[in-house]
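Residue-level listing of the chains:
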Amino acid sequence: MAKKPAGPPDSSAPVTVPSDFPAVVPRDLHPTSDIRFVIHELGKLTSQVERLVTDVEGHGKKIGEVKDAITFVKGAIWVVGGVIALLGVVFGLIMSGKVSIAFH
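Residues numbered from 1 in each chain as written. Predicted model: local features only at pLDDT ≥ 70, side-chain atom pairs only at ≥ 80, totals over all residues. Heavy atoms only, no water.

## Section: the overall build of the chain
For step 1, the next point in the chain: Along the chain, the regular secondary structure elements total one helix and zero strands.
For step 2, the next point in the chain: When the accessible surface of the chain is split by element, carbon and sulfur atoms take 69% of a total near 10,500 Å². (Helix = DSSP H or I, 4+ residues; strand = E, 2+ residues; numbered from the N terminus. Areas by Shrake-Rupley, 256 points an atom, 1.4 Å probe, with all protein chains shown as cover.)

In structure tokens, the structure reads:
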């Protein structure tokens, strides 16, 4: 069985305040060498992020050039296809006899 929790302290007991406190040198929350390490690593990370930003900007320009080249090729395909279709129609009309071209 579970024990009953202890009740509130007896209010009639006298409260004593310690007269001597332990004399211990407080420890550093963050050792200096750790902070230097973090600052060093943060500097390296910052330089790598700057390099990444530069690389991404370069890739953006390259992607723009590829996009322009693709647009040009698509336009050229449409023009060549239109010319071939037009020549096919003219050739078909000539071969069907609806249009006669006399060469003298």
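## Description of the pattern of salt bridges
In a structure, side chains of opposite charge can pair up when their charged atoms sit close to one another.
For step 1, the next point in the chain: For the coordinates displayed, the defined rule picks out two salt bridges.
For step 2, the next point in the chain: A salt bridge links Arg51 to Asp55, with the nearest nitrogen and oxygen atoms 3.4 Å apart. Highlighted residues: Arg51 and Asp55, both in helix H1 (residues 32-96), separated by four residues, approximately one helical turn.
For step 3, the next point in the chain: On the accessibility criterion, Arg51 (54% relative accessible area) is exposed. (Salt bridge = Lys/Arg side-chain N within 4 Å of Asp/Glu carboxyl O. Buried < 20%, exposed > 50% of the residue type's maximum accessible area, 1.4 Å probe, protein only.)

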